[in-house]
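In case you want the letters, here they are:
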Amino acid sequence: MKQNSSIKIAYWRGVLVAPLAVLPATLFWTLFSAVAQFTFQSSIDAVITGLFISLWGICIAYIVTATFGSLSWYLLWRFERLSLSSLLIASIIPSAITVLITKDIVFSLMVAYYSLAVAFSVWLVGLRHVKAITKPSK
């Protein structure tokens, strides 16, 4: 029983905190693009744009984490495959769906980048603290 409660606590920590990983992921990307442009004014504009993108991205990340992430977490837990590697592989599925629907490779790569950031954060804030993962009790 203690194991199930630790899995549930890890899940809720991940759902509530992990989508905030969009902010540092966007700021890292913004810093990278600002350094590549070499101008101060465009760097300020890039940071402001990055913050705006982060706010929208966090909203989207909460929705996707609450729906797709919850389903992925439960299925991986149910089939005893809940680990960092399986979470990262499952997080690529939205990117694959995006490339099939939009045919836009660059947008799909950005979806993959943010999905991987959030999935890694789910593991970092929640799952990393759980010693052993067992199947849910019936």
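A brief structural summary.

Parameters and conventions
- Residues numbered from 1 in each chain as written.
- Predicted model: local features only at pLDDT ≥ 70, side-chain atom pairs only at ≥ 80, totals over all residues.
- Heavy atoms only, no water.
- Helix = DSSP H or I, 4+ residues; strand = E, 2+ residues; numbered from the N terminus.
- Buried < 20%, exposed > 50% of the residue type's maximum accessible area, 1.4 Å probe, protein only.
- Polar contact = N/O pair within 3.5 Å; in protein donor to acceptor, adjacent residues only side chain to side chain.
- Contact = heavy atoms within 4.5 Å.
- 1 Å grid on protein atoms, 1.4 Å probe; cavity = no way out; pocket = protein on both sides within 12 Å on 5 of 7 lines; lining within 4 Å.
- Points joined across faces, edges and corners; volume = space filled by probe spheres on them.
- Nonpolar A, V, L, I, M, F, W, Y, C, P; charged D, E, K, R; others polar.
- Axes fitted to C-alpha atoms, helices over the stretch in contact; angles between N-to-C directions.
- Parallel < 35°, antiparallel > 145°, perpendicular 65-115°, else oblique.
- Left-handed = near helix turned anticlockwise from the far one by under 90°.

1. Some thoughts on the side chain of serine 86
Phase 1: With respect to the helices and strands, the residue serine 86 is situated in helix H4 (residues 84-91).
Phase 2: A relative accessible area of 13% means that serine 86 is categorised as buried.
Phase 3: Of note is the side chain of serine 86, whose polar atom sits 3.0 Å from the backbone nitrogen of serine 83.
Phase 4: Leave out the neighbours within four places in its chain, and serine 86 touches Leu76 and Arg81.

2. Let's talk about the layout of surface pockets
Phase 1: Taken as a whole, the largest pocket holds about 710 Å³ of empty space.
Phase 2: Lining the largest pocket we find 29 residues, and of these Ala61, Val64, Val111, Tyr114 and Ser115 sit closest to its centre.
Phase 3: At the level of elements, helix H1 (2-17), helix H3 (40-78), H4, helix H5 (93-102) and helix H6 (105-125) are the ones that each hand at least two residues to the lining of the largest pocket.
Phase 4: A total of twelve residues in the lining of the largest pocket trace back to one element, the largest contributor, which is H3.
Phase 5: Of the residues contributing to the lining of the largest pocket, the split by class is 20 nonpolar, nine polar and no charged.

3. Remarks on the packing of H5 against H6
Phase 1: Contact pair H5 / H6: the axes reach a minimum separation of 8 Å and the direction vectors enclose 165°. Judged on the interaxial angle alone, H6 and H5 are roughly antiparallel. In the packing of H5 onto H6, the handedness of the crossing is right-handed. Every residue of H6 that contacts H5 at Pro94, Ser95, Thr98, Val99 and Thr102 is listed here: Ile105, Phe107, Ser108, Val111, Ala112 and Ser115.

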